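As a plain string of letters, each chain reads:
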Amino acid sequence: MLFDRMHHVAIIVSDYERAKKFYVETLGFPVLRENFRAERGDWKLDLKFGDAELELFAIPGAPERPSYPEAQGLRHLAFRVESVEAAVAELAKRGVQCEPIRQDAFTGKAMTFFHDPDGLPLELHE
């Protein structure tokens, strides 16, 4: 196979400070790098995501997500967890509301969704 692992996932956010607080303080992703790119007038925040990275870009004037969630392109970002139930309970303590837990019709594993501050669907999956 030509590709063996994910290097990074990039997300464009509407409010840099709000997104940083959510992904770093609420979800607990460690910061690797934080840079303001003066030539573009935007922020780029690189977060540790297992062996990969999660990149947050705050780009002035970026258009809103066109629809929920069935727009072409990235549909959602899924995080593997040992226990969806435990992850949902921990997120609730941190003020994050999740959808009801359900079973994935194909894998039989527990799963649910929650959203980032811009409404990007984020999935928890066992």
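1. Digging into helix H1 (residues 16-26)
Of the residues making up H1, those classed as buried are Tyr16, Ala19, Phe22, Tyr23 and Thr26. On its buried face, H1 sits against strand S1 (8-13), strand S2 (31-37), strand S3 (42-49), strand S4 (52-58), strand S7 (110-115) and strand S8 (121-125). Structurally, the start of H1 carries an N-cap: the backbone nitrogen of Glu17 is 3.2 Å from a side-chain oxygen of Asp15. Where H1 ends, the next residue or the one after it, Gly28, has phi of about 85°, a positive value.

2. Observations concerning the environment of Arg5
Topologically, Arg5 is positioned in the segment before S1. It is 8.5 Å that separates the C-alpha atoms of Arg5 and Asp51, two residues lying 46 residues apart in sequence.

3. Brief notes about a nonpolar patch on the surface
Among the surface-exposed residues, Met1, Leu2 and Phe3 lie close enough to one another that they form a single nonpolar patch of about 490 Å² accessible area. Inspection of the secondary structure puts Phe3 in the segment before S1.

4. Quick notes on helix H2 (residues 84-93)
Those residues of H2 not exposed but buried are Val84, Ala87, Val88 and Leu91. Around the axis of H2, the buried residues are gathered within 100° of arc, so they sit on the same side. In H2, the exposed positions that point more than 90 degrees away from the buried face belong to Glu85 and Lys93. Once H2 finishes, Gly95 follows within two positions and takes phi at roughly 85°, a positive value.

5. Side note on the side chain of Glu53
Positionally, Glu53 belongs in strand S4. Overall, the relative accessible area of 14% leaves Glu53 in the buried class. A polar contact of 2.5 Å, which involves the side chain of Glu53, links it to the side chain of Arg33.

6. Structural notes on the packing of aromatic side chains
Going through the model one piece at a time under the given rule, you end up with seven aromatic pairs. The interplanar angle of 50° and the centroid separation of 5.6 Å between the aromatic rings of Phe29 and Phe79 together place this pair among those described as tilted. Taken as a pair, Phe29 in the loop between H1 and S2 and Phe79 in strand S5 (residues 77-80) lie far apart in primary sequence, 50 residues in all. Owing to a relative accessible area of 12%, Phe29 belongs among the buried residues under this scheme. Taking relative accessible area as the criterion, Phe79 reaches 9% and is therefore assigned buried.

Calculation criteria
Residues numbered from 1 in each chain as written. Predicted model: local features only at pLDDT ≥ 70, side-chain atom pairs only at ≥ 80, totals over all residues. Heavy atoms only, no water. Buried < 20%, exposed > 50% of the residue type's maximum accessible area, 1.4 Å probe, protein only. Helix = DSSP H or I, 4+ residues; strand = E, 2+ residues; numbered from the N terminus. Contact = heavy atoms within 4.5 Å. Polar contact = N/O pair within 3.5 Å; in protein donor to acceptor, adjacent residues only side chain to side chain. Patch = residues over 30% accessible without salt bridge, like charges linked within 9 Å, V, L, I, M, F, W, Y side chains within 5 Å. Areas by Shrake-Rupley, 256 points an atom, 1.4 Å probe, with all protein chains shown as cover. Salt bridge = Lys/Arg side-chain N within 4 Å of Asp/Glu carboxyl O. Arc of directions from axis to C-beta. Phe/Tyr/Trp six-rings, centres within 6.5 Å; stacked < 30°, edge-to-face > 60°.

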